[in-house]
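# Residue-level structure breakdown
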Amino acid sequence: MPEPIRIENAPLPAEGKGVRVLANGIPVAVFRVGGAFHAIDARCTHRGGPLDQGALHGTQVTCAWHGSVFDVTTGAVAHGPAEAPEHRYRARVEGSTLFLEPV
Ligand code: FES
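Report follows, based on the coordinates.

Conventions adopted
Residues numbered from 1 in each chain as written. Predicted model: local features only at pLDDT ≥ 70, side-chain atom pairs only at ≥ 80, totals over all residues. Helix = DSSP H or I, 4+ residues; strand = E, 2+ residues; numbered from the N terminus. Rg over C-alpha atoms; globule rule 2.2 N^0.38 Å. Contact = placed C-beta atoms within 7 Å. Buried ≥ 20, exposed ≤ 12 C-beta atoms within 10 Å, placed from the backbone. Core = buried A, V, L, I, M, F, W, Y, C linked by C-beta atoms within 7 Å.

Another aspect to go through is the overall build of the protein chain. Looking only at helices and strands, the protein chain has zero helices and 10 strands in total. The helix and strand sequence of the protein chain, counted from the amino end, reads β-β-β-β-β-β-β-β-β-β. A compact globule built from 103 residues should have a C-alpha radius of gyration of about 13 Å, and the protein chain, at 12 Å, falls within 12% of that. Counting only C-alpha atoms and orienting by the principal axes, one finds that the protein chain spans roughly 35 × 25 × 20 Å. In the protein chain, the proportion of contacts linking residues at least 24 apart, taken out of those at least 6 apart, comes to 38%.

Let us look at unusual backbone geometry. Omega for the bond connecting Gly 80 with Pro 81 falls within 30 degrees of zero, at 20°, which places this linkage in the cis form. Checked against the element boundaries, Pro 81 lands in the loop between strand S8 (77–79) and strand S9 (88–94). A positive phi angle, close to 50°, is found at Asn 9, a residue other than glycine. Tracing the backbone shows Asn 9 in the loop between strand S1 (5–8) and strand S2 (18–23). Since 9 C-beta atoms lie within 10 Å of it, Asn 9 is described here as exposed. Of note in the backbone geometry, Asn 24 takes a positive phi value of approximately 50° without being a glycine. A residue is classified by how many C-beta atoms lie within 10 Å of it, and Asn 24, with 9 of them, is exposed.

We now examine the nonpolar core. In this structure, Val 28, Ala 29, Val 30, Ala 39 and Leu 51 are the most contacted members of the largest nonpolar core, which totals 24 residues. The set of elements that each furnish at least two residues to this core consists of S2, strand S3 (26–33), strand S4 (36–41), S9 and strand S10 (97–102). A per-element tally of this core places S3 first, with five residues. If near-sequence neighbours (up to four positions away) are discounted, Ala 29 is found in contact with Gly 18, Arg 20, Ala 39, Ile 40, Ala 42, Leu 51 and Asp 52.

A few words now on the environment of Ala 82. Mapped onto the fold, Ala 82 is located in the loop between S8 and S9. Under the C-beta neighbour-count criterion, Ala 82 is labelled buried, with 22 such atoms within 10 Å. Each C-alpha atom, one on Ala 82 and one on Cys 63, is 9.6 Å from the other, the two residues being 19 residues apart in sequence.

Written out as C-alpha cells, the structure reads:
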C-alpha cells in the first residue's frame, strides 16, 4: 500500500469546484462535492485538457477541450471522446493538509 501523498497548505476547492495541486510532481484535480473531497489526475486522458477547470455537475466533470465527461468519485469515463479512465486518489483533509492516496 503506497503512503498517502501529503500536501501542506493545499488550496482547497469550494463546494462544486475543482482546484489543481501537484502531488509528487503530478497535476491532480481535487473537487468538493457535498462536502466530500475527490481527486483524479488533472490531465484529461483524451488530449491532456485541464480537468480542474472543467464544469462540475454533481459528481461529473466535463473537460473544457472536447467535452469528455469523467466521474470524479471513480475516474471512470461517463462520456467520450476519452476512452481511458483517470487515475483516482482517496482524498482527505486534516487541518490545512491534504492527503492523496493513489487508488
Ligand atoms: S482533452 Fe479532454 S476531451 Fe479532449
